[in-house]
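Single-letter residue listing:
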Amino acid sequence: MEFTTRSLFTMIHGMGFGALYLMACSGALVELHRRYISPLKPAVEVEDERFLRIYLTVMAALAWLTVLTGAYIIYPWYRATPSAGVTNLAAFPQRLLLSSPSTSAWHSIGMEWKEHVAWLVPISITMAAAVFSRHGRNLKVQPELRSAVLAFVWISLLAAGIAGFFGAMINKHAPVEGGATIHILRGEKP
């Protein structure tokens, strides 16, 4: 069983940071709703506020880690340009996708989303964390501000979910490979 260092970084980016962020985002929405909108819980405790402040701040850091590793580690490998005369495009994911009409949309739509719109994820969750850190328990009595925080968490979740879908599909059709090979288990010799 083996994989390359580039595929390892791709897994850390997508299945590590990205998937963890998506799960944390759904948890944030549940907690914000339960503590600030639900009539069943009348007062927001100091512990609740502290927990959500830390939770949203960690989510913002996770979102930034996801986008920055994607933009500055994975993406340069993805868009590597082959030398003249190279016919096997397996090591050049962008060129591999663009070489066929059946896969070119994965680049032109999917990767464009990931390159540009996915930046909304860390920006929107950072805004939500900053507003929450500033206003905390007052969100219970400020419905416009509370709605803005919830809207930006939703925007962040949707943008991250779509980026994650496109990332998985792009990696399925044109995986980022290369670098040193890491052996986990060696199979038995026949």
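Residues numbered from 1 in each chain as written. Predicted model: local features only at pLDDT ≥ 70, side-chain atom pairs only at ≥ 80, totals over all residues. Heavy atoms only, no water.

Asker: Explain a nonpolar patch on the surface to me, using residue names and the numbers behind them.
Answerer: Taken together, the side chains of Met-1, Ile-184 and Leu-185 define a hydrophobic patch exposed on the protein surface, amounting to about 330 Å² of accessible area. Note that Met-1 resides in the segment before strand E1 (2–4). By relative accessible area, Met-1 is classed as exposed at 60%. (Patch = residues over 30% accessible without salt bridge, like charges linked within 9 Å, V, L, I, M, F, W, Y side chains within 5 Å. Areas by Shrake-Rupley, 256 points an atom, 1.4 Å probe, with all protein chains shown as cover. Salt bridge = Lys/Arg side-chain N within 4 Å of Asp/Glu carboxyl O. Helix = DSSP H or I, 4+ residues; strand = E, 2+ residues; numbered from the N terminus. Buried < 20%, exposed > 50% of the residue type's maximum accessible area, 1.4 Å probe, protein only.)

Asker: Lay out the packing of helix H4 (residues 104–116) against helix H6 (residues 143–173) in plain terms, naming residues and giving numbers.
Answerer: Between H4 and H6, the least distance of the axes is 9 Å, while the angle of their chain directions is 135°. Between H4 and H6, the crossing angle belongs to the class labelled oblique. Our pair here, H4 against H6, has a crossing hand that is left-handed. Note on element contacts: H6 touches H4 through Ala-159, Ile-162, Ala-163, Phe-165, Phe-166, Gly-167, Met-169, Ile-170 and His-173, opposite Trp-106, Ile-109, Gly-110, Met-111, Trp-113 and Lys-114. Considered class by class, the residues forming the contact of H4 with H6 number 11 nonpolar, three polar and one charged. (Axes fitted to C-alpha atoms, helices over the stretch in contact; angles between N-to-C directions. Parallel < 35°, antiparallel > 145°, perpendicular 65-115°, else oblique. Left-handed = near helix turned anticlockwise from the far one by under 90°. Contact = heavy atoms within 4.5 Å. Nonpolar A, V, L, I, M, F, W, Y, C, P; charged D, E, K, R; others polar.)

Asker: Outline the pattern of salt bridges, supporting the account with residue identities and numerical values.
Answerer: All chains considered together, the criterion is met by two salt bridges. Among the salt bridges present, the one from Glu-31 reaches Arg-34, with a minimum N-O distance of 2.9 Å. Taken together, the positions of Glu-31 and Arg-34, both in helix H1 (residues 5–36) and three residues apart, correspond to about one turn of that helix. The exposure class of Glu-31 is buried, given its relative accessible area of 17%. A relative accessible area of 34% means that Arg-34 is categorised as partly exposed. The salt bridge partner of Glu-49 is Arg-53, with a shortest N-O separation of 2.9 Å. A residue pair is termed a helical-turn pair when its members lie 3 or 4 positions apart in one helix, as Glu-49 and Arg-53 do in helix H2 (residues 46–78) at four residues. Assessed through its relative accessible area of 10%, Glu-49 is described here as buried.

Asker: Requested: an account of the packing of aromatic side chains, with residues and values cited.
Answerer: In total, this model carries seven aromatic pairs according to the counting rule given. Their ring planes at 55° and their centres at 5.5 Å tell us that Phe-165 and Phe-166 sit as a pair that is tilted. Residue Phe-165 is classed as partly exposed on the basis of its relative accessible area of 45%. Given the relative accessible area of 13%, Phe-166 is considered buried. Among the aromatic residues, those joined into a cluster by ring pairs are Trp-106, Phe-165 and Phe-166. (Phe/Tyr/Trp six-rings, centres within 6.5 Å; stacked < 30°, edge-to-face > 60°.)

Asker: Could you give an account of helix H5 (residues 120–135), with specific residues and numbers?
Answerer: With 16 residues, H5 ought to run about 22 Å at 1.5 Å a step, and its terminal C-alpha atoms sit 22 Å apart, in line with that. What H5 keeps buried is the set Val-121, Pro-122, Ser-124, Ile-125, Ala-128, Ala-129, Val-131 and Phe-132. Gly-136 lies just past H5 and shows a positive phi near 40°. (Expected span 1.5 Å × (residues − 1).)

Asker: Quick one: what's the story with the environment of Ser-26, residue by residue and with numbers?
Answerer: Mapped onto the fold, Ser-26 is located in helix H1. Under the relative-accessibility criterion, Ser-26 is labelled partly exposed at 36%. Separated by 116 residues in sequence, Ser-26 and Gln-142 have C-alpha atoms that sit 22 Å apart.

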